[in-house]
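If you want the building blocks of each chain, they are given just below.
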Amino acid sequence: MVSLRVAQELVSRWDRMQAGYIAARERRFSAMFDVLEACLPKKFTALDLGCGPGSLSVRLLQRFPQAQCVAVDYDPVLLSLGQRRYGTRGKRLHWVEADLRTSDWARGLGRAGRFDAVLSTTALHWLYPKVLRRVYQEAYRVLAPGGVLLNGDTASLEKAVPHLNAISGKALDLEQKAAQRRLRSDSWDAWWKAAGRVSDFQPLFEERRRRYGSESHHGHEPPADTHLRYLRAAGFSETAVLWREFNNALLVAYKE
Ligand SMILES: C[S@@+](CC[C@H](N)C(=O)[O-])C[C@H]1O[C@@H](n2cnc3c(N)ncnc32)[C@H](O)[C@@H]1O
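To keep things clear, this report deals only with the structure shown in the data block.

Looking at the site of the ligand
Now for step 1: Close to the ligand lie 22 residues; Arg25, Gly50, Asp73, Thr121 and Tyr212 are nearest.
Now for step 2: One of the side-chain nitrogen or oxygen atoms of Asp99 is found 2.9 Å away from a nitrogen atom of the ligand.
Now for step 3: Protein coverage of the free-state accessible area of the ligand, which is 590 Å², stands at 98%.
Now for step 4: For the shell around the ligand, the per-class residue count stands at 11 nonpolar, six polar and five charged.

Regarding the packing of aromatic side chains
The relative placement of two aromatic rings is captured by the distance of their centres and the angle of their planes.
Now for step 1: Evaluated as defined, the whole model comprises 12 aromatic pairs.
Now for step 2: Aromatic side chains Trp126 and Trp188 sit 6.2 Å apart centroid to centroid with 70 degrees between the ring planes, which places their arrangement in the edge-to-face category. You can see Trp126 sitting in the loop between strand S4 (115–121) and helix H5 (129–142) and its partner Trp188 sitting in helix H7 (residues 188–196), a full 62 residues away along the chain.
Now for step 3: Taking the relative accessible area as the measure of exposure, Trp126 reaches 21% and is therefore partly exposed.
Now for step 4: The positively charged end of Arg133 is found above the aromatic ring belonging to Tyr230, 5.1 Å away from the centroid.
Now for step 5: A cation over an aromatic ring shows up here: Arg211 above the ring of Tyr74, its NZ or CZ 4.5 Å from the ring centre.

Parameters at a glance
Residues numbered from 1 in each chain as written. Predicted model: local features only at pLDDT ≥ 70, side-chain atom pairs only at ≥ 80, totals over all residues. Heavy atoms only, no water. Near = heavy atom within 4 Å. Polar contact = N/O pair within 3.5 Å; in protein donor to acceptor, adjacent residues only side chain to side chain. Areas by Shrake-Rupley, 256 points an atom, 1.4 Å probe, with all protein chains shown as cover. Nonpolar A, V, L, I, M, F, W, Y, C, P; charged D, E, K, R; others polar. Phe/Tyr/Trp six-rings, centres within 6.5 Å; stacked < 30°, edge-to-face > 60°. Helix = DSSP H or I, 4+ residues; strand = E, 2+ residues; numbered from the N terminus. Buried < 20%, exposed > 50% of the residue type's maximum accessible area, 1.4 Å probe, protein only. Lys NZ or Arg CZ within 6 Å of the ring centre and 35° of its normal.

Put into structure tokens, the structure is as follows:
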């Protein structure tokens, strides 16, 4: 098992790497929590889809001391890293290994209709549109009435404004470059190279390759209005973008 010190260092490098790509990452987390505080009681249960090493889940549990969170991912390296770094946070954090590309990923959660919030950050753009639509349907199914889905991810403006979309994309790139310079953050590849040097991870890296292969996680980034359409088709009665910084958006859907 990887040492706690190595896990701490890699998770903090992960957070810096992610903040290099998404300069407003922490602001987006707190916008998500403001939305949750505005609509849920203090005690609630959330599901974090594509949790990675748990950045969103642990921040949520810190902000809401009575909440519980189920963190789902399919990457054996990131799951093991998160588990080592954060443990179960006093049995409030439950790690689940599941592949969102399968149709039965939610079955193992055993809480159909009982989650108060389904959350995700920088993860659902890995999914092809057909799978994304199915994930939204499952998210609707696992939510209790009155529950909300919050997806913070890259989502451009609607197709009808191509010039503004290009400007917004460029502005986000400029912000990203400045953040990477300021934070001296790793690139995605450099982070994975550093993690790959940890000998304890070797069997997990092999398993990771088997699971994800060479599948690219870029290029499946529908504009926000497409997300909102998928969410309505999944059954959500109200959907909207509640926060945005250029092409970085927080999509929110409400289940009546
Ligand atoms: C860029 S990371 C974001 C992690 C975390 N949410 C964060 O904000 O730091 C994308 C995550 O989505 C996960 N992911 C991608 N495809 C998945 C799938 N099919 N099933 C489960 N998780 C998936 C990846 O393993 C990875 O942990």
